[in-house]
Amino acid sequence: MHTVAAVVQGTGAALRTPIRAPLLFMGLLITGLAQLPISVSVPRGFWALPENLTAVEGATVELKCGISVPGSAVQWAKDGLLLGPSPAIPGFPRYRMEGDTARGEFHLRIEACDLSDDAEYECQAGRSETGPELVSPRVILSILVPPKVLQLTPEAGTTVTWVAGQEYEISCVSGDAKPAPDIAFLQSGRTVSSISVDVSEGSQEKLFITEATARVTPQSSDNGQLLICEGYSPALVSPIKASITMNVLFPPGPPVIEWPGLNEGLVRAGQNLELPCTARGGNPPATLQWLKNGQPVAIAWGTELTHATARSVLTMTVRPEDHGARISCEAYNSVSVGTQERSITLQVTFPPSAVVILGSVSQSENKNVTLCCLTKSSRPPVLLRWWLGGRQLQPTEETVMDGLHGGHISMSNLTLLLRREDNGLTLTCEAFSEAFTKETFKKSLTLNVKHPAQKLWIEGPQEGQHFRTGTRVRLVCLAIGGNPDPSLIWYKDSRTVMEPRQPQEPRRVQLGSLEKSGSIFSRELVLVLGPPDNKAKFSCKAGQLSASTQIVVLFPPTNLTILANSSALRPGDALNLTCISVSSNPPVNLSWDKEGERLEDSAAPPQSAQFKGSAASRSVFLRVSSLDHGHRVTCRAHSPELRETVSSFYRFNVLYPPEFLGEQVLVVTSVEQGEALLPVSVSANPAPEAFNWTFRGYRLSPAGGPRHRILSDGALQLWNVTRSDDGFYQLHCQNAEGTAEALVRLDVHYAPTIRALQDPTEVDVGGSVDIVCTADANPILPNMFNWERLGEDEEDQSLDDMETMSKGSTGRLRIHHAKLAQAGAYQCIVDNGVAPPARGLVRLIVRFAPQVEHPTPLTKVAAAGDSTSSATLHCRARGVPNIVFTWTKNGVPLDREDPRYTEHVYHQGGVHSSLLTIANVSAAQDYALFTCTATNPLGSDHTNIQLVSISRPDPPLGLKVVSLTPYSAGLEWKHGFDGGLPQRFRIRYEALETPGFLYVDVLPPQATTFTLTELQPSTRYRVWLLASNALGDSGLAAEGTQVSITTPGLDQPSGEPDDQLPTEQPAGKGILPPEPPGLPLLPVLFAVGGLLLLSNASCFGGFLWWRRLKHPAQGISEKTETGSEEDRVRNEYEESQWTGDQDTRSSTVSTTEVEPYYHSLRDFSPQLPSTLEEVEYTPGFTGLEVEDVAFPAHLYDEVERMYAPPGAWGPLYDEVRMGPYDLHWPKDKYEGSGRIYDQVAGDSDSLPFELRGDLV
């Protein structure tokens, strides 16, 4: 039972808590009593009584109630509330009375118990005829509610950080429960004993909350462990838990330094020392710090998390100053009370860092020198000894003193007598010690014994030799012996020779350095001779010794100067010029010339001059003019011995008023809206002070204006030039010496504009007319007029039969004997070289009498004569001026008052159309010959249109072969009259050597070209073409519907009858293999199959004929509904405009003389395969929808080009474009100026409904 299960569950959970022993005992007692028969007396009328129950929330319980009194109304009461006698207790969906009522069982079943079910219950039986009312004893249903959650503080699931050894308080609160749960704490798996518990009321009546508080003291072993709060309740199978993770902080262990060796602290200078320091334990891990003599050392350290060990390595290079240093390693973390330390004191052994010799080793020969040898501090001290070459010397004194870092300094003194042979020997002081046996420390010096040189002389050119200026001369001074090396010094005239200090000065002197070769010393002096070197004395000295030499230099004049008697010159002034040659060696000859012309002059006697040379002078007399301004007079000094000439010039500065030069531009050409520059070519000294420009008596502002500016050279710059700026501009120039004037003309060119053009220009056919074009332009050129004819074709643009003339600003296009083909738009183009050319359009209208289209002698239009259909007759004519249409029927004018006749007339240019719509066509009244007459003031014309009944189509026309290959043949034909219904085409063909016919349906249905495939090479074929509509086919007897072909062999070239290339290559899948020999049964099989197909087709044809006879009237009414008056208009006019006589169903322009429009073969689905003939071709195609046909881009232009001369007229109606997959016109009728289109019914796959009977 559910009740027992609930009690057992609760007691099982209570076993975990000792304080719940009474509750456990009570649960066991209740369970045992529930399983035993009731021994006490049962009240009268009850054979089963309810008992006290305990259940866990969510369980299902059942309270027993058995009544032995039949016929009584039984119900339960909850806390005194009657629940009612119905088994499904209203208002308590979880309560229900169950049991066999016939046996008196009225047990109360409660599902999904909750706290609201915790109440007292009693079973009651109402008064009946057989007995009084009955009430059972009250029982208690006790609901146990387990705690759902434990709220732990700190928050459960978190990590708390505590310090080892400190006490902390935590609390754990249970959720609502019944009875109050028990709470216990576990620290690292150990039960916490110090707990205080407080039980309080819950959020609802009968619910309790338990709050427990514990005080814990974490230890280092608790680090990373869990502290768990567990809640126990009789309603729980297992306790609920909440936990936190303890992060316990505790200090690390002492640090340990690992010394690399046996003798701790003993090291040597220069040694690389590595000291590891480790500290184990601690949370957080230890922080290690190295100290040297109490000062921190920056060293990185790491931590091994697995062993909680911190490690740091001190790396240092031992130096002498580290002797006695104290190296310490400290370990601590954030919870350490103090710092733990481990230290080592260093004992450093170090050699002397240097050996120094004090005193000079440079002295004159046969003199004593005193030297002292010192070492830097070392530990232990070292000994010293002296060496000269390979000979040991005895010191005069030795001393040891205290040094740095606990070391010692050694000192040794030495006195030595110097001799010439000791010069260059090495004197060495050596330090040594047993502590440093593998090292040697010493200091060496080289003895320098001084003595003088023995000889001095100069090597170079002979003394007094002559050289040209600029010559490079090399002098070398040499000496033998001497210590120190003799310093060879060069002198020029008692002044020391020095190289130029500034880099920009020409390097005329190069002084070499002292060089030594054995015992010979030399120093070079290189000179680039100049005038200052002439007869100069060059000496070389070394101590008391000296040597000298002298050089003679030949040089041209060092300076050529021209002196003038006046600085300001004017035309006519006299000028005296004197040329002076300052110094040269030897003397020079002077001369004067002007622009290459030798001048007469006078000379003065030569004189002594600088650099021990000679000076000369020469004068000339001149009279100047304005043309001399800027010219030069040249003085030349020539030295015959040097063969050199030096020149100097004097430039004339002549003051004169402005003078215009010969290259002054007098006419400037510019383009309108462009820029113009009026240049100025004037000569004046001084330069002109002002340039004044005037135009038409007005002075232009020198400061410039919106469209002009005067440049610094006087030129006038204009922009945005207009034709009003054309004219003469006067220039006035002025300076301090005078004035000058000039006239400059500005010629402004501008693009042509057409001033007059007669539009339109009219002329009768055969007459003559001039199209006159008058333009305004500058310049006006003889051939600037050109004419163009606007048209789509090149033939339309020809002007061969017209005459062009021009005179001045007027051009003419003369037309003789005007023709219709010359009507249209013409363009007058005027181009004088200035862009843009002017263009003007003019229309030439050629007036002519009406010309009605006559496609055939008799045009047919088909319509059903059932008085419910309509027909539209289309009459189209050309003529200028406008045309008036009149209609007659069988020669009698139409009655305009008859409402059955409606006419729409359209005019567009020279094209005119009349659409006559006949409503309710009657075979008796309207099957007649209608005549359309077009009239204008120049004449009239007419055409006849026959209105006939709907019939089978006319045979196609002009079947011919356009290409031929061994496996295919390309066919082409023209449409015939479609009989007023959509027509299709089928090809029948036969191989003459093989019995039977094959049929191929042409797709798309409206195509007029087709490629017949699956043919055999070298085979004769006969091909027929049939047209059919819903009423039947055109038959095979008509002329032009059959053709005979012979396919070429495989070894013969493919081609076309007119030597054209084939339109299609054979496809691999369409090739039929040649008939194998030796099969005589094949004709028999064809014959049998043909008979079977013929019989089936006959039956099907009879069925169709029966349907035609059965529904004549019904078909006529349906046609009337689907085909309105506008439908007929579109059906007739649309085809003539759209296909260009490709499909002439119900068309006024059906003809066999006009080339049809061919649809592209690439725009339809794969064609149907050939089939053997069984019966005569059955009209209509079953299951075929409108094919995907590519429509031409211009539907109506094609028709107009066929019947009209080029350029004579435009399209009659605006284009209606269709997509490649839409054969249907727009459903909305549009009617406007120049157009009327209505919906046309789509093609039908079978006979129209209104025609399925006899024709009227």
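On a predicted model such as this, the values are computed, not experimentally measured, just so you know.

Caption draft 1: Highlighting the sheet that holds strand β36 (residues 397–402). Ordered by their spatial adjacency, four strands build an open sheet running β31-β33-β37-β36, and the pairing between neighbours is antiparallel. Taken across any chain shown, the strands that pair with only one partner, and hence form the sheet edges, are β31 (355–358) and β36. Put simply, the sheet's adjacent strands are angled 20° from each other on average, direction ignored. Both β36 and strand β37 (residues 408–417) contribute to a ladder of six bridges, which runs antiparallel. Pairing of Glu398 across the sheet is with Ser412, part of β37.

Caption draft 2: Spatial organisation of the nonpolar core. Ile67, Trp76, Leu108, Ile110 and Tyr121 are the most contacted members of the largest nonpolar core, which has 30 residues in total. Secondary structure elements with two or more residues in this core: β2 (53–56), β3 (61–63), β5 (74–78), β7 (95–98), β8 (107–110), β9 (119–125) and β11 (139–144). Broken down by element, this core gets its largest block of residues, four residues, from β9. The residues touching Leu108, leaving out its near neighbours within four places in the chain, are Val61, Glu62, Leu63, Trp76, Ile89, Tyr95, Arg96 and Tyr121.

Caption draft 3: Molecular detail of the state of the cysteines. Taken as a whole, this structure holds eight disulfides when the rule is applied. With a sulfur-sulfur separation of 1.9 Å, Cys277 is cross-linked through a disulfide to Cys329. Taking the sign of the S-S torsion, about -85° here, the bridge from Cys277 to Cys329 comes out left-handed. With Cys277 in strand β23 (residues 272–280) and Cys329 in strand β28 (residues 326–332), this pair connects stretches of sequence that are 52 residues apart. Each of the two residues, Cys277 as well as Cys329, counts as buried. Unpaired in terms of disulfides, Cys372 finds its nearest cysteine sulfur in Cys373, a separation of 7.2 Å. For Cys372, a relative accessible area of 14% gives the class buried.

Caption draft 4: Quick peek at the sheet that holds strand β65 (residues 708–710). Strands sit in the order β61-β66-β65 across an open sheet of three strands; the sheet is antiparallel. The open sheet has two edge strands, β61 (675–678) and β65, and neither has a second partner. Strand-to-strand twist of the sheet, defined as the mean angle between neighbouring strand axes without regard to direction, takes the value 15°. Strand direction decides the pairing type here: β61 and strand β66 (residues 716–719), joined by four bridges, are antiparallel. Looking at β66, one finds that Ala676 is bridged to Leu718.

Caption draft 5: Molecular detail of the pairing of strand β15 (residues 182–187). Counting buried residues in β15 gives five out of six residues, a clear majority hidden from the surface. Note that β15 and strand β19 (residues 226–232) share six bridges and pair antiparallel. Across the sheet, Ile183 pairs through a bridge with Gly231, a residue of β19. Hairpin connection between β15 and strand β16 (residues 190–191): a loop of two residues separates the two successive antiparallel strands, and Ser188 in this loop has a positive phi of roughly 50°.

Caption draft 6: Representation of the pattern of salt bridges in the model. Tallying each qualifying case throughout the model produces 53 salt bridges. When the shortest N-O distance is used, the salt bridge between Glu264 and Arg342 registers 3.3 Å. Note that Glu264 is positioned in the loop between β21 (256–257) and β22 (266–268) and Arg342 in strand β29 (residues 340–345), a separation of 78 residues in sequence. Put simply, Glu672, Arg723, Arg755 and Asp776 are held in one network by salt bridges that share partners.

Cut-offs used in this document
Residues numbered from 1 in each chain as written. Predicted model: local features only at pLDDT ≥ 70, side-chain atom pairs only at ≥ 80, totals over all residues. Heavy atoms only, no water. Pairing = 2+ DSSP bridges. Helix = DSSP H or I, 4+ residues; strand = E, 2+ residues; numbered from the N terminus. Axes fitted to C-alpha atoms, helices over the stretch in contact; angles between N-to-C directions. Core = buried A, V, L, I, M, F, W, Y, C linked by side-chain atoms within 4.5 Å. Buried < 20%, exposed > 50% of the residue type's maximum accessible area, 1.4 Å probe, protein only. Contact = heavy atoms within 4.5 Å. Disulfide = S-S within 2.5 Å. Salt bridge = Lys/Arg side-chain N within 4 Å of Asp/Glu carboxyl O.

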